[in-house]
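Listed below, chain by chain, are the residues.
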Amino acid sequence: DGGITQSPKYLFRKEGQNVTLSCEQNLNHDAMYWYRQDPGQGLRLIYYSQIVNDFQKGDIAEGYSVSREKKESFPLTVTSAQKNPTALYLCASSKGIHMNTEAFFGQGTRLTVV
Amino acid sequence: GQQLNQSPQSMFIQEGEDVSMNCTSSSIFNTWLWYKQDPGEGPVLLIALYKAGELTSNGRLTAQFGITRKDSFLNISASIPSDVGIYFCAGQSGNTPLVFGKGTRLSVIA
């Protein structure tokens, strides 16, 4: 089935550790996104990528890093510089950024700092 | 960045009632999308709107793209228990990616 796969679904991190969240899509979409969801805050954009080997900062990029080495994959690293990382992280993809912008989401990764 | 004001923040309704929620912005958008998020899941696209004044239905759901291009609303008719969840509006314009509202949490009382 076509879709977006995020793994793991639940992730626990010790303070001071970096962790990487996986996102894979088989929809042949050019654009991919990472959003952070906190209760009552809606979805806030962390990073997005319009094409392989290119990505742009979103509204809350500090403490995060990404790579886009393959069209299908857009992993997100939560670094130790992110002071409050506990949240639900949602990956999405769409055909484009400016047109065909309907985004499809994965199931999310819930990250908890312990 | 651009911001969307989504209201109401939460709603408690009786099964069978109609529901209305809306999004407004100070900016003009070219696209309005409406999503639903079930607990523990990612948002799922319900309706996409691309033209000012456009009115689109998907079963019991109806959404409209405001004439001013600065607002959109979503109506749900004859609500049922499985309508429970968080509904998000999203807008896109220019060279920027989608921006989301903060969501409307819907609870249905049987």
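What comes next is a walk through the structure. From a predicted model like this one, the values you see are computed outputs, not experimental measurements. (Residues numbered from 1 in each chain as written. Chains lettered and ligands numbered in written order. Predicted model: local features only at pLDDT ≥ 70, side-chain atom pairs only at ≥ 80, totals over all residues. Heavy atoms only, no water.)

### Considering the interface of chain B and chain A
At the junction of the two partners, chain B supplies 21 residues and chain A supplies 20 residues. Summed over both sides, the interface between chain B and chain A buries roughly 1,700 Å², with carbon and sulfur atoms accounting for 54% of that surface. Seen at the junction of chain B and chain A, the total is 0 salt bridges. At the boundary of chain B and chain A, one finds 5 residue pairs in polar contact (both at pLDDT 80 or more). Contributing elements (two or more residues each) for the side of chain B that touches chain A: strand E4 (31-37), strand E5 (44-49) and strand E9 (85-92) of chain B. Ranked by residues supplied to the side of chain B that touches chain A, first place goes to E4 of chain B with 4 residues. Looking at side-chain class alone, the side of chain B that touches chain A contains 10 nonpolar, 9 polar and 2 charged residues. (Contact = heavy atoms within 4.5 Å. Buried area = accessible area lost by both parts, 1.4 Å probe. Salt bridge = Lys/Arg side-chain N within 4 Å of Asp/Glu carboxyl O. Polar contact = N/O pair within 3.5 Å; in protein donor to acceptor, adjacent residues only side chain to side chain. Helix = DSSP H or I, 4+ residues; strand = E, 2+ residues; numbered from the N terminus. Nonpolar A, V, L, I, M, F, W, Y, C, P; charged D, E, K, R; others polar.)

### Quick notes on the pairing of strand E1 (residues 4-7) of chain A
Residue and element names in this part refer to chain A. Because side chains alternate across E1, one face comprises the buried residues Ile-4 and Gln-6, and the other comprises Thr-5 and Ser-7, none of which is buried. Pairing geometry for E1 and strand E3 (residues 19-25), over 4 bridges, is antiparallel. Each residue of the ladder has a partner; that of Gln-6, found in E3, is Cys-23. (Buried < 20%, exposed > 50% of the residue type's maximum accessible area, 1.4 Å probe, protein only. Pairing = 2+ DSSP bridges.)

### Let's talk about the sheet that holds strand E8 (residues 71-76) of chain B
Residue and element names in this part refer to chain B. Read from one edge of the open sheet, 5 strands run E1-E3-E8-E7-E6, paired in antiparallel fashion. A single partner strand is all that each edge strand has here, and the edge strands are strand E1 (5-7) and strand E6 (55-58). Direction aside, neighbouring strands of the sheet carry axes that sit 15° apart on average. In this structure, strand E7 (residues 61-65) lies alongside E8, joined through 5 bridges in antiparallel fashion. Each bridged residue has a counterpart across the sheet, and for Ala-63 the counterpart in E8 is Leu-74. (Axes fitted to C-alpha atoms, helices over the stretch in contact; angles between N-to-C directions.)

### Some remarks on the sheet that holds E3 of chain A
All names here are of chain A. Strand order in this open sheet of 4 strands is E1-E3-E8-E7, and the pairing throughout is antiparallel. Edge positions in the sheet fall to E1 and strand E7 (64-66), since each has one partner strand and no second. Pairwise comparison of adjacent strand axes, ignoring direction, gives a mean angle of 20° for this sheet. Here E7 pairs with strand E8 (residues 76-78) via 3 bridges, running antiparallel. Looking at E8, one finds that Tyr-64 is bridged to Val-78.

### Here's the deal with a nonpolar patch on the surface
All names here are of chain A. Among the surface-exposed residues, Tyr-10, Phe-12 and Val-114 lie close enough to one another that they form a single nonpolar patch of about 370 Å² accessible area. As for its placement among the helices and strands, Val-114 is situated in the segment after strand E11 (109-113). Val-114 gets classed as exposed once you look at its relative accessible area, which sits at 58%. (Patch = residues over 30% accessible without salt bridge, like charges linked within 9 Å, V, L, I, M, F, W, Y side chains within 5 Å. Areas by Shrake-Rupley, 256 points an atom, 1.4 Å probe, with all protein chains shown as cover.)

### So, the state of the cysteines
Each disulfide consists of a covalent bond between the sulfur atoms of two cysteine residues. Residues and elements named next belong to chain A. Following the criterion strictly, the structure yields 2 disulfides over all chains and no others. Between Cys-23 and Cys-91 runs a disulfide, and the two sulfur atoms are separated by 1.9 Å. With the S-S dihedral at roughly -75°, the linkage between Cys-23 and Cys-91 falls on the left-handed side. Taken as a pair, Cys-23 in strand E3 and Cys-91 in strand E9 (residues 87-94) lie far apart in primary sequence, 68 residues in all. Assigned by exposure class, Cys-23 and Cys-91 land together as buried. (Disulfide = S-S within 2.5 Å.)

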